[in-house]
Amino acid sequence: NLEFNKTEKPCDIFSIIFNKHEENLQAQQPVVLGIIFLCPKIIEEDLEVINTQHKINRSYMHHLVHLIVHSTLHILGYDHQTEIERQSMEAKEILILSKLSITNPYAILNK
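Residues numbered from 1 in each chain as written. Predicted model: local features only at pLDDT ≥ 70, side-chain atom pairs only at ≥ 80, totals over all residues. Heavy atoms only, no water.

### With respect to the nonpolar core
Link 1 in the chain: In terms of nonpolar packing, the biggest core is built from five residues, these being V69, L73, M89, L97 and I102.
Link 2 in the chain: Elements supplying a minimum of two residues to this core: α4 (60-75) and α5 (83-99).
Link 3 in the chain: Sequence-distant contacts of L97, defined by excluding residues within four places in its chain, comprise V65, H66, V69, I102 and P105. (Core = buried A, V, L, I, M, F, W, Y, C linked by side-chain atoms within 4.5 Å. Buried < 20%, exposed > 50% of the residue type's maximum accessible area, 1.4 Å probe, protein only. Helix = DSSP H or I, 4+ residues; strand = E, 2+ residues; numbered from the N terminus. Contact = heavy atoms within 4.5 Å.)

### Notes on helix α3 (residues 40-54)
For the α-helix, the turn length of 3.6 residues means that residues three or four positions removed from each other point alike.
Link 1 in the chain: For α3, which comprises 15 residues, the first-to-last C-alpha distance of 21 Å matches the rise-based estimate of 21 Å (1.5 Å per residue) to within 8%.
Link 2 in the chain: Taken as a whole, α3 has its buried residues at I42, I43, L47, I50 and N51. Along the long axis of α3, the arc covered by the buried residues comes to 165°, so they all point the same way. Away from its buried face by more than 90 degrees, α3 exposes K41, E44, E48, T52 and Q53. (Expected span 1.5 Å × (residues − 1). Arc of directions from axis to C-beta.)

### Notes on the environment of Y60
Link 1 in the chain: Along the polypeptide, Y60 turns up in helix α4.
Link 2 in the chain: Y60 gets classed as partly exposed once you look at its relative accessible area, which sits at 28%.
Link 3 in the chain: Apart from residues no more than four positions distant in its own chain, Y60 is found in contact with P40, I43, E44 and L47.

### Describing the side chain of H74
Link 1 in the chain: Inspection of the secondary structure assignment puts H74 in helix α4.
Link 2 in the chain: Relative accessible area serves as the criterion here: at 17%, H74 is assigned to the buried category.
Link 3 in the chain: Of the polar contacts made by the side chain of H74, one reaches the side chain of H70; its length is 3.1 Å.
Link 4 in the chain: In contact with H74, other than residues within four places in its own chain, are S15, I17, D79, H80 and M89. (Polar contact = N/O pair within 3.5 Å; in protein donor to acceptor, adjacent residues only side chain to side chain.)

Right, dumping it as structure tokens:
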């Protein structure tokens, strides 16, 4: 995290974009768009805090899938720097997660 995000704080998950050129995506060849780094220990610790603070019992798998979807969207060009970007990205996450039968995490966390 220090090398890529210039922060000394440990990170649960982050993505690095390798290739965001449109012409490479249209080549109909496999293209590596980026990589996602996971830290299971931090993910588990963060989930414990979330479950305790919100008095919920979100499963590790649902939390992990949400983080992977979120990171994948970053690789695909989505971001959440502005309110409009955040709303767009969250809507996309909620849609994808619903197709995987995973409850909207933002509805749970914003209670």
